[in-house]
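# Remarks on the overall topology
Residues per chain are reported as follows:
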There are 2 protein chains.
Amino acid sequence: VTTYLEPERILRLEADRVVFLDQRRLPLEEVEVSCRTAAEVADAIRTMVVRGAPAIGIAAAYGMALAAATGEDLVAADAVLRESRPTAVNLAWALDEMRADPSAGHARAIHHDEVERCRRMAAHAAGLLGPGTRALTHCNAGGLATGGYGSAVGALLAAWERDLLAHVWVDETRPLLQGARLTAWELETAGIPHAVIADSAAASRMAAGEVDVVFTGADRIARNGDTANKIGTYALAVLASHHGIPFYIVAPSSTVDHAIASGDEIPIEERDPAEVTGRFTARNPAFDVTPAALITAIVTEHGVHEPPYERSLEAAVVAA
Amino acid sequence: VTTYLEPERILRLEADRVVFLDQRRLPLEEVEVSCRTAAEVADAIRTMVVRGAPAIGIAAAYGMALAAATGEDLVAADAVLRESRPTAVNLAWALDEMRADPSAGHARAIHHDEVERCRRMAAHAAGLLGPGTRALTHCNAGGLATGGYGSAVGALLAAWERDLLAHVWVDETRPLLQGARLTAWELETAGIPHAVIADSAAASRMAAGEVDVVFTGADRIARNGDTANKIGTYALAVLASHHGIPFYIVAPSSTVDHAIASGDEIPIEERDPAEVTGRFTARNPAFDVTPAALITAIVTEHGVHEPPYERSLEAAVVAA
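Scope of this entry: the structure provided in the associated data block.

### A look at the overall build of chain A
- Within chain A one finds twelve helices and 14 strands.
- Taking 20 Å as the expected radius of gyration for a compact globule of 320 residues, we find that chain A reaches 18 Å, a close match to that expectation.
- Across its three principal directions, the C-alpha atoms of chain A cover 60 × 45 × 45 Å.
- Evaluated residue by residue, chain A yields a buried proportion of 61% over its 320 residues.

Rendered as structure tokens:
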């Protein structure tokens, strides 16, 4: 039996607070952080107590439900949460959802639905694999990032449960090491064979013929399939293309931003250069954009979307 | 006036010791390490007190001169130094050189010649650039790596002195951060504008049109031009090719191993996984091999060698 993180261990709404497993302190310590106002939830998002596009959306929904339950100004609560991080579209999506009904039940339904969507997209993604697959993943698109089960890591869990997965290469994912800290922790919990590598070592593992497929999550997907995700994703897509390795994005349909035509319109967050180096001048873009042409397919809860994405992603919206 | 590191500050031979600037502790502290036997010099090489292929060769030469001066068994001294690191060919080259004459004068001449070669190759490399160049470099191929002036960083110094260089992107170079610690320190010392980036951020800087050229050093070059260098170099070469950016190796001719036909024969050092992650399973290859087809040119002290390298590198040997 594959064990994985219970959704309410990752984040949950209580009567007067939102409680988060502090992802900054994993894997060394499992510590919870309680937020008692929408502004405190926004701080938890900004400081990356909780991260991952779907989990950020769930956190914002819980923040709105908390604000409604405690009598906060909902317009102000919406504004402070909306500004907490700029790149993930799920944040705005969840806040838009909560406007009509800021109840606890609605927020919990969003959380529940997000996890169910992960299970569906993971099953679709596992269907792309043959036995003995050696996969590579970047950053953390696991249960911690989605509120449970995971998108790209969910695909690995589903492949493992179907006995299709031999090994996972885990990019450590500088500067904040979400791969080395969070994805490795999740895979260890699930009992899946894996090894952490420096981000720059992925290319030589591909050249050695030790990578059969790349799975990553997404923070925002434009109508044409251009995909913003953790810095380094674009490099992996170029490298996978060079080595003839399929490169899949696994993400819920809530990640698709139908309002924008291409990746050029996606804002890229620049974080504190001190995350890269304490002493010298640095640049620290948190995301990059992978052009649709380098993406073999995008897997959502609706199925496997192939190019041209403008059509295949739109069909999913209509089907939903 | 561009200031740079004096060669004898990086490493030097004294009457009864070899003295190294401890590169593991830069940029936080400038501390020297003294070695009084060849075995201690081998330890300094293995533990990366001194690193960089040409500097390792000079260190080994000084180790042999020390052994000769203090009456050590020269066969044993040669053996312990030869095994200290596996990838750089300069180590074996310098030890072979010292067999005929293990004197202090000979070792110092090797050091002096290595720095002079750097100045010559840097001048050749700078000749490839136009004004306003924004360069990217990986790891440290600076004075610290070559015993003075530097190969790839030497090219940047020469370009800066000729007013051709606008900016340098410095890959931090995980896991040991030689870029963020050593190259940034050297560029700051020289007054050259630069910014450190996560290794995985190089691709998006290229996509943004902010990289005009890539310069790296080399640890070993096969007859056909295949080049082993710090892990991540191969990824940069694939990315540079994808973006139409010239990718140059800058290295002394002592880095060329004419005994091997291709990169397949270059041993790749696997270092302690704990350098990557303290807690989870990891793989830590220290180098990768960039196929000759991805290298625009190889610059040595003899000039700019273009493909086919089998011919252009051989011509340099004959000329020398």
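Let us keep going from here.
### Points about the side chain of Asp-288 of chain B
- Its place among the elements puts Asp-288 of chain B in strand S12 (residues 287-290).
- No salt bridge is formed by the buried Asp-288 of chain B, whose closest oppositely charged neighbour, Arg-205 of chain A, lies at an N-O distance of 8.6 Å.
- A polar side-chain atom of Asp-288 of chain B sits 3.1 Å from the main-chain amide nitrogen of Tyr-234 of chain B.
- Beyond its immediate chain neighbours, meaning those up to four positions away, Asp-288 of chain B contacts Ser-200 and Ser-204 of chain A together with Thr-227, Ala-228, Asn-229, Lys-230, Ile-231, Gly-232, Thr-233, Tyr-234 and Ala-235 of chain B.

### Overview of unusual backbone geometry
- With an omega of 0°, the peptide bond between Leu-26 of chain A and Pro-27 of chain A qualifies as cis.
- Along the chain, Pro-27 of chain A falls in the loop between strand S2 (17-21) and strand S3 (32-35).
- With an omega dihedral of 0°, the bond running from Arg-174 of chain B to Pro-175 of chain B counts as a cis peptide bond.
- The residue Pro-175 of chain B is located in the loop between strand S5 (165-171) and helix H9 (178-190) in this model.
- With phi around 60°, Leu-177 of chain A is a residue other than glycine that occupies positive phi space.
- Note on placement: Leu-177 of chain A falls in the loop between strand S5 (165-171) and helix H9 (178-190).
- When its relative accessible area of 23% is taken as the criterion, Leu-177 of chain A is described as partly exposed.

### Some words on the interface of chain B and chain A
- In this assembly, 40 residues from chain B lie in contact with 41 residues from chain A.
- Here chain B and chain A share an interface that buries about 3,300 Å² over both sides, 63% of which is from carbon and sulfur atoms.
- Counting the surface chain B buries against chain A, the share from its top three residues, Ser-200, Phe-280 and Arg-283 of chain B, is 19%.
- Taken together, the connections running from chain B to chain A amount to two salt bridges.
- In this structure, Arg-174 of chain B and Glu-172 of chain A form a salt bridge, with 2.6 Å as the shortest nitrogen-oxygen distance.
- Our enumeration of links across chain B and chain A arrives at twelve residue pairs in polar contact (both at pLDDT 80 or more).
- Those elements giving two or more residues to the side of chain B that touches chain A turn out to be H9, strand S6 (194-197), helix H10 (202-207) and helix H11 (233-243) of chain B.
- A total of six residues in the side of chain B that touches chain A trace back to one element, the largest contributor, which is H11 of chain B.

### So, the sheet that holds strand S4 (residues 133-137) of chain A
All names here are of chain A.
- Ordered by their spatial adjacency, seven strands build an open sheet running S6-S5-S4-S7-S10-S13-S14, and the pairing between neighbours is mixed. Edge positions in the sheet fall to strand S6 (194-197) and strand S14 (303-305), since each of these pairs with one other strand and no more. Each neighbouring strand pair of the sheet contributes to a mean axis angle of 25°, computed without reference to strand direction.
- In terms of strand pairing, strand S10 (residues 247-250) meets strand S13 (residues 297-300) through three bridges, oriented parallel. Note on S13: the bridge partner recorded for Val-250 is Val-299.

### A look at the packing of aromatic side chains
- By the definition in use, this model includes two aromatic pairs over all chains.
- Looking at Lys-230 of chain A, its charged tip hangs above the ring of Phe-287 of chain A, at a distance of 4.6 Å from the centre.

### Some thoughts on the sheet that holds S12 of chain B
Residue and element names in this part refer to chain B.
- Spatially, S11-S8-S9-S12 is the arrangement adopted by the four strands of the open sheet, whose pairing is mixed. Looking along the sheet, the strands with just one partner apiece sit at the ends: strand S11 (256-257) and S12.
- Bridging between strand S9 (residues 227-230) and S12 involves four bridges; their strand directions are antiparallel. Looking across to S12, one finds that Ala-228 is bridged to Val-289.
- Contacts from H11 reach S9 and S12, with the element oriented near 35° to S12.

### Side note on the state of the cysteines
Residues and elements named next belong to chain A.
- Under the counting rule described, the total for this entry stands at zero disulfides over all chains.
- Unpaired in this structure, Cys-139 has its nearest cysteine sulfur neighbour in Cys-118, at a distance of 15 Å.
- Since its relative accessible area comes to 8%, Cys-139 is described here as buried.

### With respect to the packing of helix H3 (residues 53-70) of chain B against helix H4 (residues 74-82) of chain B
Residue and element names in this part refer to chain B.
- The geometry of H3 relative to H4 is characterised by a closest axis approach of 10 Å and an angle of 160° between their N-to-C directions. If you check the angle between H3 and H4, you find them roughly antiparallel. Like other packed secondary-structure pairs, H3 and H4 cross with a definite hand, here right-handed. Residues Ala-60, Gly-63, Met-64, Ala-67 and Ala-68 of H3 touch H4, and the partners they reach there are Leu-74, Ala-77, Asp-78 and Leu-81.

The rules behind each value
Residues numbered from 1 in each chain as written. Chains lettered and ligands numbered in written order. Predicted model: local features only at pLDDT ≥ 70, side-chain atom pairs only at ≥ 80, totals over all residues. Heavy atoms only, no water. Helix = DSSP H or I, 4+ residues; strand = E, 2+ residues; numbered from the N terminus. Rg over C-alpha atoms; globule rule 2.2 N^0.38 Å. Buried < 20%, exposed > 50% of the residue type's maximum accessible area, 1.4 Å probe, protein only. Lys, Arg positive; Asp, Glu negative; His and termini not counted. Salt bridge = Lys/Arg side-chain N within 4 Å of Asp/Glu carboxyl O. Polar contact = N/O pair within 3.5 Å; in protein donor to acceptor, adjacent residues only side chain to side chain. Contact = heavy atoms within 4.5 Å. Buried area = accessible area lost by both parts, 1.4 Å probe. Pairing = 2+ DSSP bridges. Axes fitted to C-alpha atoms, helices over the stretch in contact; angles between N-to-C directions. Phe/Tyr/Trp six-rings, centres within 6.5 Å; stacked < 30°, edge-to-face > 60°. Lys NZ or Arg CZ within 6 Å of the ring centre and 35° of its normal. Disulfide = S-S within 2.5 Å. Parallel < 35°, antiparallel > 145°, perpendicular 65-115°, else oblique. Left-handed = near helix turned anticlockwise from the far one by under 90°.

Just geometry here; none of it tells us what the structure is for.
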